[in-house]
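One-letter residues, chain by chain:
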Amino acid sequence: MSTTEAQRTHAVRDPVPGASPGTAPERPDAPRPTRRLAGLDGLRALAIAAVLLFHLDATWLPGGFLGVDVFFVVSGFLITTLLVRERAATGRLDLPAFWTRRARRLLPALLVLVPSSVLLARLSEGDLLVGVERQVLGALTFTSNWLEVAAGTDYFAATSPQLFMNLWSLAVEEQFYLLWPLALLALVTVARTPAARAAVAATAGLASAVLMALTLDPDAPTRAYFGTDTHLSGLMMGAALAFAWAAPHRAWTATAAWNRHRRTVAGVALAVLGLLLATASETSAWTFRGGILLAGLATTALVLVVVERPGRLRAVLELPVVRWVGARSYGIYLWHWPVVLVVAQDLPEARGSTAYVLTRVWALVVTLAVADLSYRFVELPVRRRGFGGAASEAFRRLRSLGPRGARVVWGVVAVVTVATVVVLLTAPDRTSTEELIRANEASLTRSDPAPSTAADTTVAAKPAAGPAKLEQDWSMPTGREVDVLGDSMVVGASHALRYYLPRIRMDAKSNRRWSAAPGLVSTRGDTLRRAVVLGFGTNAGTDEAEVRRTLDALGPKRMVVLVTLHGPFSRIETDNAALRELATGRDNVVVADWDAALEGTSGQLQPDGIHPSLVGSHLYAKTIRAALAELSERHTGTPVVLKALPLP
């Protein structure tokens, strides 16, 4: 998401709104377009607020990532409007000038962001620098989306946060800016009327949405989400509106029907967009197979209502504070994600506590302050004077400092440059969490070999032979009576699980999902122990059907523990609620509430905010041990006294 062209204070030159030379002049009584399209800064403010809330905490606004699609529609509308009007006024498009304006708009803030964020991340947490060389290359060449697709990055997983993850949308927009003017020249030659051009653009947007739906892999949605080809729908809907809005007389906006239903359209569009922002989920296939398209359509309707004539909605969007945010939305978008990551590392707090909320407020304050400084001292000077003029002004100010001051400034520049290069060359290949999990995984493979390599395949679960032969026993199990099946959460806490439950047996691997659980149970059959702990869901969340199949396969005679999830996912609450619901009515199943155990704590998690730290792994193991004790006490009526063990 960039806010690009409209950030030039929407200085849209408006000689004639027709899309091609020779169109009829506008009616005298038709509203005259102004140099600035009112209300669009406000729409950008709405979009950046949604993205901020989602990235500060995904549970606060689960569909906030759709704010990017609001930006796409606004950008597509503004860029196409500018190009159409330039051609109408001059009969041609000055493409070098257009691309130069894009560079002046985008590059200055980006060139400050990249080294600053790299150095801050190095001072804060080295894990944030994993893959940073690729990310910097993508940022500076506007190819982040394709480089991350090629690297297999999971945008929504957040298990290994990317320092410049947010720049994928900037890449999509810049690629659009590079190619769309050329396509527009061909389009206005082939399609002779604004209506035909609008239809072609709308069809292209719909085709992109269909391609997203067809390309989507629900288990790995990044390709469908990041692809320029699959995520053009919002940009092309904005372009289609620009063609239609530029039609001579815009007679369709002066009809009695439009006047009568204009407010209704605005209300419905706001309601649809608000509902999507509040409820859309990155784990739902429907989001990518219609939800993003619907968000774009709702935004297109809002853009039309706002720019077409004054009204209450435009008045709200034109409030000074809203315009202030909208004008700085590009800088806010650039800076907010690195700031959120650095603040989260420097002030680690468990989600749900007051301290956690305060860290998010602090991240917001820092983001707004840095974005304002960027807007005033980096972006505006280049936009107003150009690269050459801004450089001349900078050198003039440098000379005014005198020889000593100039040497200090150049020294700082040299140190920053060298330090940035050194950090990039020495960036780690894997996070500390990944290193720990790999080491623990190797240890598990040596000590607890899986009975079959087929254990990780999804197979039809058949009841294990064990439950029929198993003698019911509700006493507190020892470690040698417990099996743990799970994903990287179990791997990361394996040493602590062995400490609190000696001789426990574990079968856990990274990236496992609930879909693997029925096969694991079926493969082990009657070799499963009398107590089984299930720790899945970090990847792709709670799959209720697979959890139910797993519990049915385990039968009613084994003691079963379901471990809740914790992480920066919008789905956490619904995932955990589903686990609690699935445990209801099954006397042999208990929930170990890892998420609740973390409330009000700090230092319990790895830098990724998901996996337990060395200290946190002990809390994780104790939470599971306490759940087994609760289940035993529930059935025997005898309190279980758990021995307090010192941290090793």
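Residues numbered from 1 in each chain as written. Predicted model: local features only at pLDDT ≥ 70, side-chain atom pairs only at ≥ 80, totals over all residues. Heavy atoms only, no water.

Asks: Give a description of the overall build of the protein that names residues and reports values.
Replies: Looking only at helices and strands, the protein has 25 helices and five strands in total. For the protein, with 648 residues in total, the buried portion stands at 54%. A fraction of 79% describes how many contacts in the protein between residues 6 or more apart in sequence connect residues 24 or more apart. Carbon together with sulfur atoms contributes 63% to the accessible area of the protein, which is approximately 26500 Å² in total. (Helix = DSSP H or I, 4+ residues; strand = E, 2+ residues; numbered from the N terminus. Buried < 20%, exposed > 50% of the residue type's maximum accessible area, 1.4 Å probe, protein only. Contact = heavy atoms within 4.5 Å. Areas by Shrake-Rupley, 256 points an atom, 1.4 Å probe, with all protein chains shown as cover.)

Asks: Which residues make up empty space enclosed by the protein, and what are the values?
Replies: Summed over all chains, the structure comprises three cavities of 30 Å³ or more. Every residue lining the largest cavity is listed: Asp487, Met489, Gly535, Phe536, Thr538, Val563, Thr564, Leu565, His566, Trp594, Ile610 and Tyr620. Here the lining of the largest cavity is composed, by residue class, of seven nonpolar, four polar and one charged. (1 Å grid on protein atoms, 1.4 Å probe; cavity = no way out; pocket = protein on both sides within 12 Å on 5 of 7 lines; lining within 4 Å. Points joined across faces, edges and corners; volume = space filled by probe spheres on them. Nonpolar A, V, L, I, M, F, W, Y, C, P; charged D, E, K, R; others polar.)

Asks: Now, about the layout of surface pockets: what can you tell me, with residues and values included?
Replies: Gaps left between atoms show up when a probe the size of a water molecule is rolled over them. Reported here for the second largest pocket is a volume of approximately 970 Å³. The set of elements that each furnish at least two residues to the lining of the second largest pocket consists of helix H3 (95-124), helix H15 (354-400) and helix H16 (402-425). A per-element tally of the lining of the second largest pocket places H15 first, with 16 residues. A breakdown of the residues in the lining of the second largest pocket according to their chemical character gives 20 nonpolar, one polar and five charged.

Asks: Lay out unusual backbone geometry with the relevant residues and their values.
Replies: With phi around 70 degrees, Arg503 is a residue other than glycine that occupies positive phi space. Assignment of secondary structure puts Arg503 in the loop between helix H20 (494-500) and strand E2 (505-508). The exposure class assigned to Arg503 is exposed, which follows from its relative accessible area of 56%. The residue Asn511 is not glycine, and still its phi comes out positive at about 70 degrees. As for its position among the elements, Asn511 is in the loop between E2 and helix H21 (517-524). The class for Asn511 is exposed, based on a relative accessible area of 59%.

Asks: I'd like to hear about the sheet that holds strand E4 (residues 559-563), residue by residue, with values.
Replies: The strand order across the open sheet built from five strands is E2-E1-E3-E4-E5, with neighbouring strands paired in parallel fashion. Edge positions in the open sheet fall to E2 and strand E5 (589-592), since each of these has one partner strand only. Looking at each pair of strands side by side, their axes are set apart by 20 degrees on average, direction ignored. As paired elements, E4 and E5 share four bridges and run parallel to each other. (Pairing = 2+ DSSP bridges. Axes fitted to C-alpha atoms, helices over the stretch in contact; angles between N-to-C directions.)

Asks: Explain helix H13 (residues 320-327) to me, and be specific about the residues and the numbers.
Replies: For H13, the complete set of buried residues consists of Val322, Gly326 and Ala327. All buried residues of H13 project into a common sector of 130 degrees when viewed along the axis, lining one side. Pointing more than 90 degrees away from the buried face of H13 are the exposed residues Pro320 and Val321. Against helix H1 (40-56), helix H12 (312-317), helix H14 (329-346) and H15 lie the buried residues of H13. (Arc of directions from axis to C-beta.)

Asks: Help me get a handle on helix H11 (residues 285-308), residues and values and all.
Replies: Compared with the 34 Å implied by 1.5 Å per residue over 24 residues, the 35 Å span of H11 between its first and last C-alpha is a close match. Within H11, 17 of the 24 residues are buried, which leaves the element mostly enclosed by the surrounding structure. (Expected span 1.5 Å × (residues − 1).)

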